[in-house]
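Residue-level listing of the chains:
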Amino acid sequence: MAEPQTDPFARPPWRVLIAGCGYVGAELGRRLVAAGHQVWGLRRRPAALPAGVALLQADLAQPATLRDLPPRLDGVIYAAAADRGDDDAYAAIYHHGLAHLLDALVARGQRPRRVIFVSSTSVYGQAHGEWVDESSPAEPERALSRHLLAGETLLAQSPFPGTAVRLSGIYGPGRTRLIEQVRNGHARLQGGPPAFTNRIHRDDCAGLLAHLLTLGGAQALYLGSDSDPASQDEVLRWLAAQLGITLPPPGEAAATDARHHSGQNKRCSNRRLLASGYRLIYPTFREGYGALLQGHDAPQ
Ligand SMILES: NC(=O)c1ccc[n+]([C@@H]2O[C@H](COP(=O)([O-])OP(=O)(O)OC[C@H]3O[C@@H](n4cnc5c(N)ncnc54)[C@H](OP(=O)(O)O)[C@@H]3O)[C@@H](O)[C@H]2O)c1
């Protein structure tokens, strides 16, 4: 499978800070280092980061810990995630944490060429199977997602060239809940008309963020999702077929299906992302889960 295109503006080495260097951030760091960039990964707790990514221990909720950022940063990617699903935690990370980081950059006179804020497609409240893109109204069903919108607004008002990237549901190595549910017999089909779900492989999250970071003329907003907003039933059926497992018919214990509580049913368009020149490593769940089932990832 082809790797994403590199952009002619991406002359390494850029000095890049990844604020919130976890599941996506670490893979992003690995890719940026491989492309010749100099990378720092910021997080609170010590952790083994990919070779070449320097650990920067700091707390985005504690501005005093952000005083000694690496100087002369060319790129900043904010990929921190709330560690709890409550209002305080969301506000602290997606709004106030970003504000603290932007303040720290301004205070030191830093002039990054691009700052990216990783947001989420959960900002869309559409739930009737509509296509949504960057121009669609973002009126979240969950009040928590308003903090993501607040972060996006903050970045747009900052003095830096900013890009918000709304990712859909992330899966990949170690995030294989659906595969496990099919394997252990807990997967349940919903039945009825399709309720569309949206996903993106971790490697594409990292790949598209690296692509947008150094893309000349990147826009202020992109959706990051694969090309097939299939229903969860379709994904489950496909996984079951791959694993040679028969799923129980729809309806049995369907009330345990998380979608009943999530209100998901929209289709995220990646047209703008693809038009920017990014080529998905895993265009649909079939390639992405296929690689996971075979226990290998795409060539790096
Ligand atoms: N999961 C999904 O399906 C999904 C969907 C759409 C969008 N997203 C977004 O995608 C981004 C990346 O997600 P992910 O799965 O890579 O998250 P993750 O694995 O949980 O990583 C988040 C990182 O943020 C760090 N962090 C959290 N609070 C911090 C703080 N106060 N100060 C400094 N670092 C902090 C964590 O490290 P420490 O704990 O060591 O601080 C961790 O390294 C997030 O913005 C998330 O909201 C996720």
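Residues numbered from 1 in each chain as written. Predicted model: local features only at pLDDT ≥ 70, side-chain atom pairs only at ≥ 80, totals over all residues. Heavy atoms only, no water.

Some details on the packing of helix α1 (residues 23-34) against helix α5 (residues 202-213)
For any two helices packed against each other, one specifies the crossing angle of their axes together with the interaxial distance.
Here is step 1: One can describe the packing of α1 onto α5 by two numbers: an axis separation of 8 Å at closest approach and a directional angle of 55°. The orientation of α1 with respect to α5, classified from their angle, is oblique. Every pair of crossing elements has a handedness; the one defined by α1 and α5 is right-handed. Taken together, the residues of α5 that come into contact with α1 (itself represented by Y23, V24, E27, L28, R31 and L32) are R202, D203, C205, A206, G207, L209, A210 and L213.
Here is step 2: Taken together, the residues of the contact of α1 with α5 break down into nine nonpolar, one polar and four charged. (Axes fitted to C-alpha atoms, helices over the stretch in contact; angles between N-to-C directions. Helix = DSSP H or I, 4+ residues; strand = E, 2+ residues; numbered from the N terminus. Parallel < 35°, antiparallel > 145°, perpendicular 65-115°, else oblique. Left-handed = near helix turned anticlockwise from the far one by under 90°. Contact = heavy atoms within 4.5 Å. Nonpolar A, V, L, I, M, F, W, Y, C, P; charged D, E, K, R; others polar.)

Points about the site of the ligand
Here is step 1: For the ligand, the set of nearby residues contains 25 residues, the closest of which are V24, R44, R45, Y94 and R175.
Here is step 2: One of the side-chain nitrogen or oxygen atoms of R43 is found 3.0 Å away from an oxygen atom of the ligand.
Here is step 3: The contact in question runs from a nitrogen atom of the ligand to an N or O atom on the backbone of L60, over 2.9 Å.
Here is step 4: The fraction of the free accessible surface of the ligand (900 Å²) that becomes covered by protein chains is 84%. (Near = heavy atom within 4 Å. Polar contact = N/O pair within 3.5 Å; in protein donor to acceptor, adjacent residues only side chain to side chain. Areas by Shrake-Rupley, 256 points an atom, 1.4 Å probe, with all protein chains shown as cover.)

What to know about the nonpolar core
Here is step 1: L28, L32, L208, L209, L212, L239 and Y289 are the most contacted members of the largest nonpolar core, which totals 49 residues.
Here is step 2: Contributing elements (two or more residues each) for this core: β1 (15-19), α1, β5 (114-120), β7 (162-167), α4 (177-183), α5, α6 (232-243) and α9 (285-293).
Here is step 3: If you tally residues by element for this core, the top one is α5, at seven residues.
Here is step 4: Setting aside residues no more than four positions away along its own chain, L212 makes contact with R114, I116, V165, A218, Y222, L273 and S276.
Here is step 5: Core analysis: the second largest hydrophobic core is formed by 35 residues, L17, A82, V132 and L144 among them. (Core = buried A, V, L, I, M, F, W, Y, C linked by side-chain atoms within 4.5 Å. Buried < 20%, exposed > 50% of the residue type's maximum accessible area, 1.4 Å probe, protein only.)

With respect to the pairing of strand β10 (residues 221-224)
Here is step 1: The side-chain alternation of β10 yields two buried faces, one formed by L221 and L223 and the other by Y222 and G224.
Here is step 2: Here four bridges tie β7 to β10, and the two strands are oriented parallel to one another. Across the sheet, the residue bridging to V165 is Y222, located in β10. (Pairing = 2+ DSSP bridges.)

With respect to the confidence of the model for the chain
Here is step 1: Of the residues in the chain, 91% reach a pLDDT of 70 or more, and the chain-wide mean stands at 92.
Here is step 2: Below a pLDDT of 50 lies the segment residues 253-261, which in the model reaches 16 contacts outside its immediate sequence neighbourhood of four places, other chains included. (pLDDT = per-residue confidence, 0-100.)

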